[in-house]
Amino acid sequence: MALIVQKYGGTSVANPDRIRNLARRVARYKAMGHKIVVVVSAMSGETNRLISLAKEIMPDPDPRELDVMVATGEQVTIGMTALALMELGIKAKSYTGSQVKILTDDAFTKARILSIDESNIKKDLDNGYVVVVAGFQGVDANGNITTLGRGGSDTTGVALAAALKADECQIYTDVDGVYTTDPRVVPEARRLDRITFEEMLELASQGSKVLQIRSVEFAGKYKVKLRVLSSFEDEGEGTLITFEEENNMEQPIISGIAFNRDEAKITVLGVPDKPGIAYQILGPIAEANVDVDMIIQNTGADGTTDFTFTVHKNEMNKALSILRDKVQSHIGAREISGDDKIAKVSIVGVGMRSHVGIASKMFRILAEEGINIQMISTSEIKIAVVVDEKYLELAVRILHKAFELDAE
Ligand code: ADP
Ligand code: ASP
Ligand code: MG
């Protein structure tokens, strides 16, 4: 008998039939004697619909009230899922994030989980219930409803699995595993049977939305056995996220390609080149809780420097106004501009550690297609470039082919 957390994404709970289908799978696992906790997302499209509704009232919605609204999506599906299980004669009970007490910080719309009170869930499981928990939401220390950022139900699933010391966390979605790249963009992409935790972490952080990055972080920290599977098929092993590296001989150099259309680039031109400048530019940005991803600084001949960094598209205007209002005159920057027509493409693989020339091959492939690289960043197992967004799909396709990810 195992304790299994099963997380179902938006397309897997998109309508009553799919919820009934989910309930039948849960019933099968229950019949095998397992204890099951189900985590559900909102019905597909619902979170977007709720965000648009908020924006119709207030173009840049107050984050606390936005979270009050968007958290309702998951409250509907937990109730429906519990009902579907009851219809199959299974004892089931639903919980919102605050009913469980998934305690988070108060960063509305992108809150982090601080702790989970697993006591009631454990009691219910011992009493034979299937417990259904709302993904994506929590509650802060003052009782405010919070949400965990888009795709956050994955994180609820893995965090619950960690808190309950579950034997496995299964992420059910609309693809049958983790692929070499998004199969919607490259139909030749192949499913991976296994992927290392480190590679999955890079792919997620570089934009592969099949798993939210924080869910992968939790899996690593608490050694949660994590598997990605299709909710539309009953067969298939999906993709296992492993903590061991494969035998090096077998390991491909590149395991996957991620991309991200959600970032914008901010450039601060003509800053005096002296100590403290990076801090003066990025300090106020960090204080406003805006996450910065890539950073580049280039020193020119005239003693000034140009400073470029990327933030989430949704936060470009906020970052620009902070810089223009609080920083520009202070540091004497000549010009500050934003560009949200960019995209980031990243190649990821632990095999890069033992091979040279991967970056130059990537740059050559892009150059041969006339794709200009605007920014570059690397880690031990990743190379990421920023390009004009109109070249994104082309870049992903040619890199996928050049690194032979479509080959058996
Ligand atoms: P859910 O609603 O179940 O959470 P998501 O839409 O968040 O589903 O994530 C699944 C989607 O992730 C897939 O439909 C696919 O288009 C996309 N995706 C991006 N990169 C990958 C990848 N490397 N492997 C598989 N799917 C990927
Ligand atoms: N419903 C939320 C979203 O659309 C959370 C999730 O699906 O994981 O982002
Ligand atoms: Mg998702």
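Here is a short report on the structure shown in this document. Note that the structure is predicted; figures quoted are calculated from it, not measured.

Relative orientation of the contacting elements helix α12 (residues 358-368) and helix α13 (residues 392-402) amounts to 130°, with a least axis distance of 10 Å. The angle between α12 and α13 falls in the class oblique. α12 and α13 meet at a crossing whose hand is right-handed. Contacts between α12 and α13 pair K361, M362, I365 and L366 from the former with A395, I398, L399 and A402 from the latter. Its residues assigned to classes, the contact of α12 with α13 shows seven nonpolar, no polar and one charged.

Let us now look at the site of ligand 2. Taken together, S41, A42, T47, E74, F136, R150, G151, G152 and S153 make up the full set of residues adjacent to ligand 2. Between a nitrogen atom of ligand 2 and a side-chain N or O atom of T47, the distance comes to 2.8 Å. At a separation of 3.0 Å, an oxygen atom of ligand 2 approaches a polar backbone atom of S153. Out of a free accessible area of 270 Å², ligand 2 has 87% covered by protein chains. Split into classes, the residues belonging to the shell around ligand 2 amount to two nonpolar, five polar and two charged.

Next up on the list: the site of ligand 1. The full set close to ligand 1 counts 16 residues, and T173, D174, Y179, D182 and R184 are the nearest of them. A distance of 3.1 Å is found between an oxygen atom of ligand 1 and a backbone nitrogen or oxygen belonging to G10. The class makeup of the residues in the shell around ligand 1 is five nonpolar, six polar and five charged.

Let us look at helix α3 (residues 63-70). Listed in full, the buried residues belonging to α3 are L66, D67 and V70. The arc that holds the buried residues of α3, viewed along the axis, is 100°, so those residues lie on one side. Packed against the buried residues of α3 are α2 (46-57), α4 (72-87) and β8 (145-147). Capping of α3 at its N-terminal end is provided by D62; its side-chain oxygen lies 3.2 Å from the backbone amide nitrogen of R64.

This part is about the nonpolar core. Judged by nonpolar contacts, the single largest core of 42 residues is most densely connected at V37, I121 and V133. It is helix α7 (residues 153-163) that contributes the most residues to this core, six residues altogether. Excluding residues within four positions of it along the chain, I121 makes contact with V37, V100, V131, V133, L160 and L164. Counting 24 residues, the second largest nonpolar core, distinct from the first, contains V185, I257, I398 and L399.

The subject of this paragraph is the environment of E389. As for its placement among the helices and strands, E389 is situated in the loop between β20 (382-388) and α13. Discounting chain neighbours no more than four positions away, the residues touching E389 are K313, D340, K341, I342 and A343.

Next up on the list: the packing of aromatic side chains. All told, the structure shown has four aromatic pairs when counted by the stated rule. Measuring from ring centre to ring centre gives 4.8 Å for Y8 and Y172, while their planes differ by 10°; the resulting arrangement is stacked. Here Y172 lies in strand β9 (residues 168-173) and Y8 lies in strand β1 (residues 3-8), a separation of 164 residues in the sequence. Like Y172, Y8 is buried. Both rings, one in F197 and one in F243, keep their centres 5.5 Å apart while their planes meet at 35°; by these two values the pair is tilted. Of this pair, F197 sits in helix α8 (residues 197-205) while F243 sits in the loop between β12 (239-242) and β13 (256-260), placing them 46 residues apart in sequence.

The rules behind these values
- Residues numbered from 1 in each chain as written.
- Chains lettered and ligands numbered in written order.
- Predicted model: local features only at pLDDT ≥ 70, side-chain atom pairs only at ≥ 80, totals over all residues.
- Heavy atoms only, no water.
- Axes fitted to C-alpha atoms, helices over the stretch in contact; angles between N-to-C directions.
- Helix = DSSP H or I, 4+ residues; strand = E, 2+ residues; numbered from the N terminus.
- Parallel < 35°, antiparallel > 145°, perpendicular 65-115°, else oblique.
- Left-handed = near helix turned anticlockwise from the far one by under 90°.
- Contact = heavy atoms within 4.5 Å.
- Nonpolar A, V, L, I, M, F, W, Y, C, P; charged D, E, K, R; others polar.
- Near = heavy atom within 4 Å.
- Polar contact = N/O pair within 3.5 Å; in protein donor to acceptor, adjacent residues only side chain to side chain.
- Areas by Shrake-Rupley, 256 points an atom, 1.4 Å probe, with all protein chains shown as cover.
- Buried < 20%, exposed > 50% of the residue type's maximum accessible area, 1.4 Å probe, protein only.
- Arc of directions from axis to C-beta.
- Core = buried A, V, L, I, M, F, W, Y, C linked by side-chain atoms within 4.5 Å.
- Phe/Tyr/Trp six-rings, centres within 6.5 Å; stacked < 30°, edge-to-face > 60°.

Shape descriptors only; they carry no functional weight alone.
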